[in-house]
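A look at the structure
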Amino acid sequence: MTQLPRVITDDVLSDNLIELLDGKIERLPWTTLEGPDDDSIDGVLTFGHMLVTAEHMSRFPNLKVISNYGVGVDHIDVEAAHKLNIPVGNTPHILNGTTADQAMTLLLAAGRRLREGDIYARSPEFTYFDPAYMLGTEIHHQTVGIIGLGGIGYQIARRCAAFDMKILYHKRTPLADNPDNLTLHYVSLDNLLEQSDFVICICPLTKETTGLIGKEEFSKMKNSAVLINVARGPVVDTAALTEALENGEIYAAGLDVTDPEPLPRDHPLLSLNNVTITPHLGSATIQTRRKMAEISVENLLLGLRGEQLLHSV
Ligand code: 8YV
């Protein structure tokens, strides 16, 4: 019997992944990564955001591929992998629309106080209608500032255009390709923070973007502004965000990611009414997660055979 490739995977995998990997690899537990040197390991498949460091890679001299289920690879030392000629696969493009939908879900929910409204509508206190309660902030015709206008950011911009919003964006270099001819205004980060009613973070997590939105940045934002983070938790300084929300420096926040993730259960952010949090659901639809499983498994199998991956970073 031929030996199956030996692949370290997260201990918890989705049913999609389990089905697609069946009979194709020998699955090894995540603890293998922390174990002794092993020249029989062929691949690593990351499902969540467990760290894969240079030190890990150095212990497996025959590692042929690291395949990530997701587009963001900030939990993998990509530079170290490149030095060792280990391709790192990811699943871009297919989740752009879905993650943009999640950004809009949070924008609408935070702006129109969906979380509080839902709780109130179910509570015994809701006995009469009062036109003065729970006023939110307008969304259509407001100004949105998108930080990081990549594939997902562009899909967010398309959705904001449909809400008649004025769209500002900031990224390292102005957008080269605008296939839908959207009216987009390239501005500095300071201008974006000062002018936006909604600030949406959707940039990759890098050394440069870690702590990008902190105390100083909140002080530049409008008191009526809403912050949305669908990027990675550490892009926003959690302590500064908590303070800004508590002190009314900004109006509300909608977070799909936090730092740390999850937050400790007694974290003050969790008791604030003006924050709406989802547990990292950016790409969490049945259809998109299926496609992510297919692409990450295809990347893994191609890498194990020494062939070019469908998508790599
Ligand atoms: C994934 C994500 O679901 O793709 C990404 O970068 O943040 C999410 O959409 C997550 O990474 C799953 O591992």
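Remember, it's a predicted structure, so these values are computed and weren't measured experimentally.

Cut-offs used in this document
- Residues numbered from 1 in each chain as written.
- Predicted model: local features only at pLDDT ≥ 70, side-chain atom pairs only at ≥ 80, totals over all residues.
- Heavy atoms only, no water.
- Phe/Tyr/Trp six-rings, centres within 6.5 Å; stacked < 30°, edge-to-face > 60°.
- Helix = DSSP H or I, 4+ residues; strand = E, 2+ residues; numbered from the N terminus.
- Buried < 20%, exposed > 50% of the residue type's maximum accessible area, 1.4 Å probe, protein only.
- Pairing = 2+ DSSP bridges.
- Contact = heavy atoms within 4.5 Å.
- Axes fitted to C-alpha atoms, helices over the stretch in contact; angles between N-to-C directions.
- Domains from an automatic or database assignment.
- Expected span 1.5 Å × (residues − 1).
- Near = heavy atom within 4 Å.
- Polar contact = N/O pair within 3.5 Å; in protein donor to acceptor, adjacent residues only side chain to side chain.
- Areas by Shrake-Rupley, 256 points an atom, 1.4 Å probe, with all protein chains shown as cover.
- Nonpolar A, V, L, I, M, F, W, Y, C, P; charged D, E, K, R; others polar.
- Salt bridge = Lys/Arg side-chain N within 4 Å of Asp/Glu carboxyl O.

**So, the packing of aromatic side chains**
- Across all of its chains, the model carries 5 aromatic pairs by this definition.
- Ring centres 4.7 Å apart and planes at 55° place the aromatic pair phenylalanine 47 and tyrosine 69 in the tilted group. Within this pair, whereas phenylalanine 47 is found in the loop between β3 (43-46) and α2 (54-58), its partner tyrosine 69 is found in the loop between β4 (65-68) and α3 (78-83), the two being separated by 22 residues in sequence.
- Ring geometry for tyrosine 169 and tyrosine 186: centres 5.2 Å apart, planes at 50°, overall tilted. Of the two residues, tyrosine 169 is situated in strand β7 (residues 166-170) and tyrosine 186 in strand β8 (residues 184-186); the sequence distance between them amounts to 17 residues.
- For tyrosine 186, a relative accessible area of 34% puts it in the partly exposed group.
- Grouped by ring-pair contacts, the aromatic residues Tyr120, Phe126, Phe129 and Tyr133 constitute a single cluster.

**Let's talk about the sheet that holds strand β5 (residues 88-89)**
- Pairing in this open sheet of 5 strands is parallel, and the strands run β2-β1-β3-β4-β5 from one edge to the other. Either end of the sheet is taken by a strand with one partner, and the two such strands are β2 (26-28) and β5.
- Docked against the sheet, helix α10 (residues 286-304) engages β1 (6-9), β3, β4 and β5, running at close to 175° with respect to β4.

**Digging into the domain arrangement of the protein**
- Segmentation of the protein into domains returns domain 1 (6-92 + 287-304) and domain 2 (96-277).
- Computed over C-alpha atoms, the centres of domain 1 and domain 2 are 32 Å apart.

**Examining the environment of valine 7**
- In this structure, valine 7 sits in strand β1.
- In the structure, valine 7 is positioned 20 residues away from arginine 27 in sequence and 5.3 Å away in space, judged by C-alpha atoms.
- Residues within four places of valine 7 in sequence aside, it is in contact with Ile25, Glu26, Arg27, Leu28, Gly43, Val44, Leu45, Leu300 and Leu304.

**Examining helix α4 (residues 96-111)**
- Helix length check: α4 (16 residues) gives 22 Å between terminal C-alpha atoms against 22 Å at 1.5 Å per residue, within 8%.
- Asn96, Thr98, Thr99, Ala100, Gln102, Ala103, Met104, Leu106, Leu107, Ala109, Ala110 and Gly111 are the residues of α4 that are buried.
- Once α4 finishes, arginine 113 follows within two positions and takes phi at roughly 60°, a positive value.

**Side note on the site of the ligand**
- Close contacts around the ligand come from 13 residues, with Phe47, Val71, Gly72, His280 and Ser283 the closest.
- At a separation of 2.9 Å, an oxygen atom of the ligand approaches a polar backbone atom of tyrosine 69.
- Burial of the ligand by the protein chains amounts to 91% of its free accessible area of 320 Å².
- Taken together, the residues of the shell around the ligand sort by class into 5 nonpolar, 6 polar and 2 charged.

**Focus on the pattern of salt bridges**
- Summed over the entire model, instances satisfying the criterion amount to 17 salt bridges.
- The salt bridge involving lysine 222 is made with aspartate 197; its shortest N-O contact spans 2.9 Å. Here aspartate 197 lies in the loop between α7 (189-195) and β9 (198-201) and lysine 222 lies in the loop between α8 (215-220) and β10 (226-229), a separation of 25 residues in the sequence.
- The class of aspartate 197 is buried, set by a relative accessible area of 11%.
- Arginine 290 is paired through a salt bridge with glutamate 294; the nearest N and O atoms lie 3.1 Å apart. Here arginine 290 and its partner glutamate 294 are both found in helix α10, 4 residues apart, which amounts to about one turn of the helix.
- Judged by its relative accessible area of 37%, glutamate 294 falls in the partly exposed class.
- Linked through salt bridges whose partners overlap, the residues forming this network are Arg6, Glu26 and Asp38.

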